[in-house]
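In case you want the letters, here they are:
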Amino acid sequence: MTAMFWRSPKACLIAGAGAAGIVLPLLPVANLYVLTVLILMLIFIIYASAWNLLTYSGQGSLGHAAFFGLGGYASSLIAIQSGLSPYITIFAGAAFSAFIGLLIGLTCVRLREWFLAMVTFGFAIIIQTVIVSMLSPVTGGWDGYAVPKLIASDIPYHLLWEYYSIFIIAILSLLAIHLILKSHIGLALAAIRENELEARAAGIDPVRFKLLAFTASAYIAGIAGALEIHHFGYITPEIFGVELSFWPVIYSITGGLGTLAGPVVGTIVVSLLWDGLNAAGLTYERYIIIGVLLILIIIYLPRGLVSLAERYGKTEGGGRNPR
Amino acid sequence: MDIGILIQVVFWGLYAGCIYILLATGLNLIFGVMKIVNFAHGEFLMLGAYITFIFVALTGFNPYVLLFATMPVLIVTGIIVERLCFRPILGTGKLNEIFVSLGLIYIFQNVVALIWTDEWRIIPSPFVDVTVSLGSLEMPLDYLIIIFLTIAILSGLYVFLRKTHLGKAIRATSQNRKGAMLMGINVERMDMISFGIGTGLAAGAGTLWAVSGQVFNPYIGSIPAIKAFAIVILGGLGSIPGAIIGGLLYGIVENMATFTLGGAWKDAISFVLLIIVLIFRPTGLFGEEGE
């Protein structure tokens, strides 16, 4: 079994990607700018994968920034109050995000597509409003507040250490998602996605599993959000912005919905494109290019960039049955 | 609360409701025929405001008159968007529409930002300082014209859908797509036409909104569109009377909430309302159980 696994092209790709992730920041091209780009890429890989986990259960969200942001606020407030290291508080912050995710999930599990999209979108706006109005004595309103950095910037090579720590967290998150999907939970989620009525007939409780997917997704998104703000060292309510809700959607669609590799590939390709276009000075054009790309992919490549690899890799036995 | 202020707030709500009604009616018409939801509907509102802005700058005519030049431009835009972006994904899953709309939002906002920059713009109304007083109620003339124009546009739409051959074909497609097809109606043409009309209504909303003294930039479209969609959900998907009643209620509730809770809640209150409704009725107030 393991010998077979290591010979398959998929395993080679995974190993190659892992090796590239370890070696890349050590190369001479990796200056502070490149390192920052890589760190953000890792954070968004975690975030997009969290969003993608939700689509396994046939749900979608246009307001995942709610969980991204809550993870950030909760983690930073805990870190400031208790003086604990951000490496501990991100998990506590994410737990808070997951708790809110559970509550939001309770209202969402009965809703379908458009309603779900609207309600999740709405929750992000409601949470942002609560943070800037009622909670502004704690959160500083629109101005935000400074938060402890992951690794203090006076430590030599702090960005490099930060990169590797986030790299490990990203690997662990992907592994956790992989294990969830391999287990009977993943099967149940797929059954619900394909046909909720039949799944119920087979003895699967859709509400329980959808809630589980929602909570797990919120937890991982919370980790990503907490990592981002502890990386920047500052948090503002902008973190709940519409754009931050849309990014994981764009990344996952580009890469391929409902695959583990999709959000990873999508995040890398789109954010490289994004930063490349930015460097070329195309401030507005890049949004247009991303928008056109998104529509082209939905129409002509509905299973994302990953399906390209599968299409050509089929003869080597790496292909999977199309949905 | 003083009764005079209450009436004033209701009147503002009525005016805001008109904008929402035009948007929601368009969304509902499109949903009725195509069974899709265009989340980028607000971008047509924004584009409508800009097209009118350009026409005003070029001709110097009264913006209310130019409304009827802007709407055809947007109808054509809508038809092109339907043909290029929505027809290929019809029937491929509801999440895809949402994703295509996301792409459209990015494209429209930034094409407009490229052409006209993202500065705040304004269309000066010729009646900016004119108000009509009715007892303690102060009514800006612009608001009255907007309420009147909305009624006129909606009446026109009603006559079109009820009396003309094309309107009847659209309604037939909306009621039963297969049946309409069997009766020799070109349903894909109906898709294009109803999408175009919906877009035109959004352009009307955008123009009226801008002329009533609201400043606009390329990013203003999303929030009104989301609110319009919330109204559509409240009023029931595909029900145009539902959209009209929902839009009026919504405009009034929103203005009341802003007045009592403070401006920060202006956008959020709509979602609170929406979520409360959906908790008790997951398919909307007047939605069908089976949807």
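Residues numbered from 1 in each chain as written. Chains lettered and ligands numbered in written order. Predicted model: local features only at pLDDT ≥ 70, side-chain atom pairs only at ≥ 80, totals over all residues. Heavy atoms only, no water.

**Topic: the overall build of chain B**
The helix and strand inventory of chain B stands at 11 helices and 2 strands. Seen in sequence order, chain B has helices and strands lined up from the N terminus as α-α-α-α-β-β-α-α-α-α-α-α-α. Against the 2.2 N^0.38 benchmark of 19 Å for 291 residues, chain B shows a C-alpha radius of gyration of 19 Å, consistent with a compact globule. When the backbone C-alpha atoms are referred to their principal axes, chain B occupies close to 60 × 50 × 35 Å. The buried share of chain B, reckoned over its 291 residues, is 56%. Entry remark: accessible area of chain B is about 11900 Å², with carbon and sulfur atoms responsible for 69%. (Helix = DSSP H or I, 4+ residues; strand = E, 2+ residues; numbered from the N terminus. Rg over C-alpha atoms; globule rule 2.2 N^0.38 Å. Buried < 20%, exposed > 50% of the residue type's maximum accessible area, 1.4 Å probe, protein only. Areas by Shrake-Rupley, 256 points an atom, 1.4 Å probe, with all protein chains shown as cover.)

**Overview of the overall build of chain A**
The number of helices and strands found in chain A is 15 helices and 2 strands. The C-alpha atoms of chain A give 20 Å as radius of gyration, which agrees with the globular expectation for 323 residues (20 Å, within 12%). In terms of principal-axis extent, the alpha carbons of chain A reach across some 55 × 50 × 40 Å. In chain A, which comprises 323 residues, the proportion classed as buried is 54%. Pairs at least 24 apart in sequence give 76% of the contacts found in chain A among residues at least 6 apart. Per element, the accessible surface of chain A, about 14400 Å² overall, is 70% carbon and sulfur. For chain A, the distance from the average site of its 16 positive side-chain charges to the average site of its 15 negative ones is 13 Å. (Contact = heavy atoms within 4.5 Å. Lys, Arg positive; Asp, Glu negative; His and termini not counted. Charge placed at Lys NZ, Arg CZ, Asp CG, Glu CD.)

**Points about the confidence of the model for chain B**
Across chain B, pLDDT averages 85, with 97% of residues at or above 70. Under the prediction, the complex receives an ipTM of 0.83, its pTM being 0.85. (pLDDT = per-residue confidence, 0-100.)

**A short note on the packing of aromatic side chains**
A full pass over the atoms with the stated rule returns 27 aromatic pairs over all chains. A ring pair is formed by Trp-247 of chain A and Tyr-106 of chain B, whose centres lie 6.4 Å apart and whose planes are at 55°; its orientation type is tilted. Highlighted residues: Trp-247 of chain A in helix H12 (residues 242–255) and Tyr-106 of chain B in helix H4 (residues 94–116), drawn from two different chains. For the pair Trp-247 of chain A and Tyr-106 of chain B, a shared accessibility class is recorded, and that class is buried. Measuring from ring centre to ring centre gives 5.1 Å for Tyr-50 of chain B and Trp-116 of chain B, while their planes differ by 20°; the resulting arrangement is stacked. Residue Tyr-50 of chain B is located in helix H2 (residues 41–59), and its partner Trp-116 of chain B is located in helix H4; the two are separated by 66 residues in the primary sequence. (Phe/Tyr/Trp six-rings, centres within 6.5 Å; stacked < 30°, edge-to-face > 60°.)

**Concerning the packing of helix H6 (residues 165–175) of chain B against helix H8 (residues 187–211) of chain B**
Residue and element names in this part refer to chain B. With their axes 10 Å apart at the nearest point, H6 and H8 run at an angle of 105° to one another. Put simply, H6 runs roughly perpendicular to H8. Where H6 abuts H8, its residues Leu-166, Ala-169, Ile-170 and Thr-173 lie against Val-187, Arg-189, Met-190, Ile-193, Ser-194 and Ile-197. Counted by class, the contact of H6 with H8 contains 7 nonpolar, 2 polar and 1 charged residues. (Axes fitted to C-alpha atoms, helices over the stretch in contact; angles between N-to-C directions. Parallel < 35°, antiparallel > 145°, perpendicular 65-115°, else oblique. Nonpolar A, V, L, I, M, F, W, Y, C, P; charged D, E, K, R; others polar.)

**Examining the interface of chain A and chain B**
If you look at the interface, chain A gives 37 residues, while chain B gives 46 residues. Summed over the shared surface of chain A and chain B, the result is 0 salt bridges. The interface formed by chain A and chain B holds 1 residue pair in polar contact (both at pLDDT 80 or more) in total. Sorting the residues of the side of chain A that touches chain B by element identifies helix H6 (113–132), H12 and helix H14 (285–300) of chain A as the ones contributing at least two each. Here the side of chain A that touches chain B gets 13 residues from one element, more than from any other, and that element is H6 of chain A. (Salt bridge = Lys/Arg side-chain N within 4 Å of Asp/Glu carboxyl O. Polar contact = N/O pair within 3.5 Å; in protein donor to acceptor, adjacent residues only side chain to side chain.)

**Quick notes on the nonpolar core**
In this structure, Trp-114, Met-118 and Leu-227 of chain A together with Phe-39, Phe-86, Leu-104 and Phe-229 of chain B are the most contacted members of the largest nonpolar core, which totals 190 residues. The leading source of residues in this core is helix H1 (residues 3–34) of chain B, at 16 residues. Discounting residues that sit within four places of it in the chain, Met-118 of chain A has contacts with Phe-39, Ile-226, Phe-229, Ala-230, Ile-233, Phe-271 and Leu-274 of chain B. (Core = buried A, V, L, I, M, F, W, Y, C linked by side-chain atoms within 4.5 Å.)

**Some points on the packing of helix H3 (residues 63–86) of chain B against H8 of chain B**
All names here are of chain B. At their nearest, the axes of H3 and H8 sit 7 Å apart, and the two run at 140° to each other. Taken together, the axes of H3 and H8 are oblique relative to one another. In this structure, H3 crosses over H8, and the sense of that crossing is right-handed. Residue composition of the contact of H3 with H8, grouped by class: 15 nonpolar, 7 polar and 3 charged. (Left-handed = near helix turned anticlockwise from the far one by under 90°.)

**Here we look at unusual backbone geometry**
Located in the positive-phi region is Tyr-157 of chain A, a residue other than glycine, with phi close to 55°. Judged by its relative accessible area of 64%, Tyr-157 of chain A is exposed.

**Details of the confidence of the model for chain A**
On average, residues of chain A score 86 in pLDDT, and 94% of them are at 70 or above. Within the model, pLDDT remains below 50 along residues 315–323 of chain A, and this stretch shows 14 contacts once partners closer than five positions in the same chain are excluded.

**Let's talk about a nonpolar patch on the surface**
Residues and elements named next belong to chain A. A cluster of nonpolar residues, Ile-22, Val-23, Leu-24, Leu-27 and Val-29, forms a patch on the protein surface that exposes about 410 Å² of accessible area. The residue Leu-27 is located in the loop between helix H2 (9–23) and helix H3 (32–56) in this model. With relative accessibility at 35%, the residue Leu-27 sits in the partly exposed group. (Patch = residues over 30% accessible without salt bridge, like charges linked within 9 Å, V, L, I, M, F, W, Y side chains within 5 Å.)

**What to know about the side chain of Ser-245 of chain A**
Residue and element names in this part refer to chain A. With respect to the secondary-structure elements, Ser-245 resides in helix H12. Residue classification places Ser-245 among the buried residues on the basis of a relative accessible area of 1%. When sequence neighbours within four positions are dropped, the list of residues in contact with Ser-245 reads Tyr-47, Leu-62, Gly-63, His-64 and Ala-65.

**Some remarks on the pattern of salt bridges**
Tallied over the entire structure, the rule returns 7 salt bridges over all chains. Taking the shortest distance from any N to any O, the salt bridge between Glu-196 of chain A and Lys-210 of chain A comes out at 3.1 Å. Taken together, the residues span a long stretch of sequence, with Glu-196 of chain A in helix H10 (residues 196–201) and Lys-210 of chain A in helix H11 (residues 206–232) at a distance of 14 residues. For Glu-188 of chain B, the salt bridge is made with Arg-87 of chain B, and the minimal N-O distance between the two is 3.6 Å. Separated by 101 residues along the polypeptide, Glu-188 of chain B in helix H8 and Arg-87 of chain B in the loop between H3 and H4 bring together distant segments of the chain. Taking relative accessible area as the criterion, Glu-188 of chain B reaches 38% and is therefore assigned partly exposed. The class for Arg-87 of chain B is buried, based on a relative accessible area of 16%.

**What to know about H2 of chain B**
Residue and element names in this part refer to chain B. Between its terminal C-alpha atoms H2 stretches 27 Å, which fits the 27 Å expected from 19 residues at 1.5 Å a residue. Within H2, 14 of the 19 residues are buried, which leaves the element mostly enclosed by the surrounding structure. At the C-terminal side of H2, Gly-60 shows a positive phi close to 75°. (Expected span 1.5 Å × (residues − 1).)

**Brief notes about the environment of Phe-53 of chain B**
Residues and elements named next belong to chain B. One can find Phe-53 in helix H2. On the basis of relative accessible area, Phe-53 is assigned to the buried category, the value being 17%. Sequence separation of Phe-53 and Arg-121 is 68 residues, and the distance between their C-alpha atoms is 8.4 Å. Setting aside chain neighbours within four positions, we find Phe-53 in contact with Arg-121, Ile-122, Ile-123 and Phe-216.

**Looking at the environment of Gly-101 of chain A**
Residues and elements named next belong to chain A. Mapped onto the elements, Gly-101 comes out in helix H5 (residues 86–108). Taking the C-alpha atoms as reference, Gly-101 lies 5.3 Å from Thr-215; in sequence the two are 114 residues apart. Among all residues touching Gly-101, those that are not within four sequence positions of it are Phe-67, Phe-214 and Ala-218.

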